[in-house]
Amino acid sequence: MSGKTKNTFPAPAEEAARLLESLGMKRTRFANGSREVRSPITGQVIGHLKDDTPRDVGRTVERAQQAFVAWRKLPPPCRGELVRLLGEELRAAKPALGALVTLEAGKIVAEGLGEVQEMIDICDFAVGLSRQLYGLTIASERPAHAMSEQWQPLGVAGIITSFNFPVAVWAWNAALALVCGNTLIWKPSERTPLTALAVEAIFARAVAKFGDDAPQGLLALVIGGAKVGQALVDDPRVALVSATGSTAMGRAVAPRLAQRFARSILELGGNNAAIVCPSADLDLALRAIAFAAMGTAGQRCTSLRRLIVHESIYADLVARLKRVYRSVAIGDPRDADVLVGPLIGSDAFEAQQAALAEAKKAGGKVTGGERISAGGADAYYVRPALVEMPRQAGIVKHETFAPILYAMKYSTLDEAIALHNDVPQGLASSIFTTDLREAQMFLSFEGSDCGIANVNIGPSGAEIGGAFGGEKDTGGGRESGSDAWKAYMRRVTSTVNYGNALPLAQGVKFEID
């Protein structure tokens, strides 16, 4: 089956070079080295990079540590000024950087631009935050004593990002970490390092405008595979590592950090579900489900993967979904009419096909899932798959990072919530209902066990104002808004005795001659 692309576009390699140079990168930076970077649009090589070594990582950490000693001395609002300048540079670079995200990650144009907008939004948030790193005044039980709580800069922050949000997740961490007084080392996904190089150049322009108060080594990139990531994770000078990726990656990273008592923010797998109740607005639910399940070709950590529908409306909703799945426009993500772009590579396609085969063995009825002829032999475009399952079999509980939506029936809300929670992951969730009692039950401690719980919107498309993260195998970390900034700082509790006596807490007596 052929994909939908009515326009002719430049070869990805040519377009990537043009965009990178327009964003301030010299060709030697992305055209030399043994690491090939491919665009999922065609599978064509669009860049060559030189990998760092573990020794290079150590030198980078040393520079970042030295920069931290200087950077932490600036008042937080001054640090916020650099983030404000970064936001302005991102606004100017948004069209080019968004286009590069599309080329390297395969996102449709609107999603590529939206990712850059997330970066801008978190910069705006962090600028305000730089004047609101509030502590506490605490009542003391002792006369003439004052207790308080302050937040201090933490140190070097390592940021490991995934291919599916190659720049936004870095910004969620970086903007907060910078205003909190930390320095940054970024290891981007091996699949999307070119967007990271572009952001590095954009950041350098913001630093140049900020002036000499910004120390050398404030932001550094390390390029490479698992050995480079290990070197970053294992370095005792790295106070915090924020890592986004698979649960398997988290299981490898977490013990290494725990062994040296380092801070971690883990954003791992999601196997997100939506419950559709009898009272739901099905027109609204249909649009939300389609975006959440098919957007980014099912390669978001918050993609909708399980649909739990009341038996009284199941047939109607599934029939409508099948029509959408059969007609959705798939093809080159640079085409404005396309809604589903390519998978990141052959491994994602193979994982999808293996999961569909397993689902069929468990009694699943599959609509879609076939490969689409688009982009050439080295590109992997697929029609999103809708799978009607008789029960929540083992494959349904496993996250497959591809556009597969498993649909199941339920009779009672208690049954639906039990199905919803009966998976290892706990990232995002949603319910579609116009019944206040059902909505509130879902949001209560008896409802969703996820870090994100929505009503009448899908599980994906989070705003930066709220803390982002999940529970169970999702890792428990929180990034972005709310009070997520506290993870990037160390807490100090202080007591000041401004009197002449020395009363001890809890009534303890310790008298000496």
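Relevant structure appears above.
Thresholds applied
Residues numbered from 1 in each chain as written. Predicted model: local features only at pLDDT ≥ 70, side-chain atom pairs only at ≥ 80, totals over all residues. Heavy atoms only, no water. Helix = DSSP H or I, 4+ residues; strand = E, 2+ residues; numbered from the N terminus. Rg over C-alpha atoms; globule rule 2.2 N^0.38 Å. Buried < 20%, exposed > 50% of the residue type's maximum accessible area, 1.4 Å probe, protein only. Contact = heavy atoms within 4.5 Å. Lys, Arg positive; Asp, Glu negative; His and termini not counted. Charge placed at Lys NZ, Arg CZ, Asp CG, Glu CD. Phe/Tyr/Trp six-rings, centres within 6.5 Å; stacked < 30°, edge-to-face > 60°. Lys NZ or Arg CZ within 6 Å of the ring centre and 35° of its normal. Pairing = 2+ DSSP bridges. Axes fitted to C-alpha atoms, helices over the stretch in contact; angles between N-to-C directions.

A. Seen up close, the overall build of the protein. Along its length, the protein carries 15 helices and 23 strands. On C-alpha atoms alone, the protein measures out to a radius of gyration of 25 Å, which is about the 24 Å that the 2.2 N^0.38 rule sets for 513 residues. Overall, the C-alpha framework of the protein stretches about 90 × 60 × 35 Å when taken along its three principal axes. In the protein, buried positions account for 55% of the 513 residues. Excluding contacts between residues fewer than 6 apart, the proportion of contacts in the protein whose partners are at least 24 apart in sequence is 75%. Looking at charge distribution, the protein has the averaged site of its 55 positive side-chain charges lying 3 Å from that of its 54 negative ones.

B. Focus on the packing of aromatic side chains. In total, this model carries six aromatic pairs according to the counting rule given. Seen from their ring centres, W170 and W186 are 4.8 Å apart, and the 15 degrees between their planes marks the pair as stacked. Residue W170 is located in helix α6 (residues 168-179), and its partner W186 is located in strand β6 (residues 183-187); the two are separated by 16 residues in the primary sequence. For the pair formed by W170 and W186, the shared burial category is buried. One cation-aromatic arrangement involves K107 over F165; the distance from NZ or CZ to the ring centre is 3.4 Å. Geometry around F349 places R371 over its ring, the cationic atom sitting 5.6 Å from the centre.

C. Examining the sheet that holds strand β19 (residues 452-455) more closely. The mixed open sheet is built from seven strands, whose spatial order is β12-β15-β16-β11-β10-β18-β19. Of all the strands in the sheet, just β12 (365-367) and β19 have a single pairing partner and so form its edges. When the angles between neighbouring strand axes are averaged without regard to direction, this sheet yields 20 degrees. Where strand β10 (residues 272-276) meets strand β18 (residues 428-432), four bridges bridge the pair, whose relative direction is parallel. In the sheet register, V276 faces β18, and the bridge partner there is F432.

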